[in-house]
Amino acid sequence: MYTYPQLLEIIKELRGEHGCPWDKAQTHESLISCLRDECEEVVEAIEKKDEENLCEELGDVLLQVLLHAQIAKEEGLFTMEDVVNTLAEKMVRRHPHVFGDEEYGSLEQNKKRWEEIKKAEREAKSNKNRTNIRNTLDKQ
Ligand code: MG
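Each chain has its residues counted from 1, following the order in which its sequence is written. With pLDDT at 70 or above as the cut-off, local features in this predicted model cover only qualifying residues; side-chain atom pairs require 80 or more to be listed or tallied, and sums for whole chains, interfaces and linings still use all residues. Side-chain metrics rest on all non-hydrogen atoms present in the structure, leaving aside hydrogens and water.

By domain assignment, the protein chain separates into domain 1 (1-78) and domain 2 (94-140). Each domain's limits were defined by an automated method or a database of domain assignments. The straight-line distance from the C-alpha centre of domain 1 to that of domain 2 is 29 Å.

Set out below in structure tokens:
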């Protein structure tokens, strides 16, 4: 049984010096159609209630994520650890009723709070982008 760290090594090897020509040639852009196809295959497996195929197709989607992360790592942009950490942080932040001390009386309240948190995230990202642009302009 392979482990997650071994899977990361396999992906790295595929894009490495002695790797696979197809994998090595891929870019974020060239993989767009693969990602769409693999997502559609997950949907088909769910609709057919084919659990064995669903397991395989979810892996194919994960491969797409891993390939994008490997390409980004080679470009010095981010790593799979960053993808995992960003998602974990987001899940914790968006579920204060699970990981914090907030309590909701209804699903409606839960949904309202979720939207508030997403709005705050968008504003924080927008402010960060403005700060980055200002810092870039200041350096010119
Ligand atoms: Mg597939």
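We now examine the coordination of the magnesium ion. Reference values for coordination geometry: four tetrahedral donors around a metal ideally subtend 109.5 degrees, six octahedral donors ideally subtend 90 or 180 degrees. Protein-derived coordination of the magnesium ion comes from Glu38 (OE), Glu41 (OE), Glu57 (OE) and Asp60 (OD), at a distance range of 2.1 to 2.2 Å. In this analysis a donor is any N, O or S atom within 2.8 Å of a metal ion (3.2 Å for sodium, potassium and calcium), and since water is not included, sites may seem incomplete. In the primary sequence, the donor residues of the magnesium ion line up as E-x2-E-x15-E-x2-D. Residue Glu41 is located in helix H3 (residues 32-47), and its partner Glu57 is located in helix H4 (residues 51-74); the two are separated by 16 residues in the primary sequence. Take Glu57: its relative accessible area is 7%, and that puts it in the buried class. Per the convention used, a helix needs a DSSP run of H or I reaching at least four residues, while a strand needs a run of E reaching at least two, with both numbered from the N terminus. Working definition: with a 1.4 Å probe on protein chains only, accessible area under 20% of the residue-type maximum means buried, over 50% means exposed, and in between means partly exposed.

Time to look at the packing of H3 against H4. Closest axis-to-axis distance for the H3/H4 pair is 9 Å, and the angle between their directions is 160°. Classified by the interaxial angle, the pair formed by H3 and H4 is roughly antiparallel. Here H3 and H4 pass one another in a crossing that is left-handed. Across the interface between the two elements, Cys34, Leu35, Glu38, Cys39, Glu41, Val42, Ala45 and Ile46 of H3 pack against Asn53, Leu54, Glu57, Leu58, Asp60, Val61 and Gln64 of H4. For every element, the axis is a line fit to its C-alpha atoms; helices are fit only across the contacting stretch, and the angle between N-to-C directions ranges from 0 to 180 degrees. Here the angle decides the label: under 35 degrees means roughly parallel, over 145 means roughly antiparallel, 65 to 115 means roughly perpendicular, and every other value means oblique. By the definition used in this description, the sense in which the near helix is turned from the far one sets the handedness, with an anticlockwise turn below a right angle giving left-handed and a clockwise turn giving right-handed. Contact definition: two residues touch when any of their heavy atoms are within 4.5 Å.

Nonpolar cores were defined as sets of buried Ala, Val, Leu, Ile, Met, Phe, Trp, Tyr and Cys residues, with membership established by side-chain atoms within 4.5 Å. In terms of nonpolar packing, the biggest core is built from 8 residues, these being Ile11, Leu31, Cys34, Leu66, Leu67, Ala69, Ile71 and Met80. Among the elements that make up this core, the one with the highest residue count is H4 (4 residues). Once residues within four sequence positions are removed from consideration, Leu67 is found in contact with Ile11, Arg15, Asp23 and Leu31.

Multiplying 1.5 Å by the residue count of a helix minus one yields the expected span of that helix. In this model H3 runs 23 Å from its N-terminal to its C-terminal C-alpha over 16 residues, within 8% of the 22 Å that 1.5 Å per residue would give. Restricting attention to buried positions, one finds in H3 the residues Cys34, Glu38, Val42 and Ala45. The buried residues of H3 occupy an angular sector of 80° when the element is viewed end-on, so they sit on one face. For H3, the exposed residues lying more than 90 degrees away from the buried face are Arg36 and Glu47. Lining the buried residues of H3 we find helix H2 (21-25) and H4. Positive phi shows up at Lys49, right after H3, with a value of about 55°. By definition, the arc is the one covered by directions from the helix axis to the C-beta atoms.

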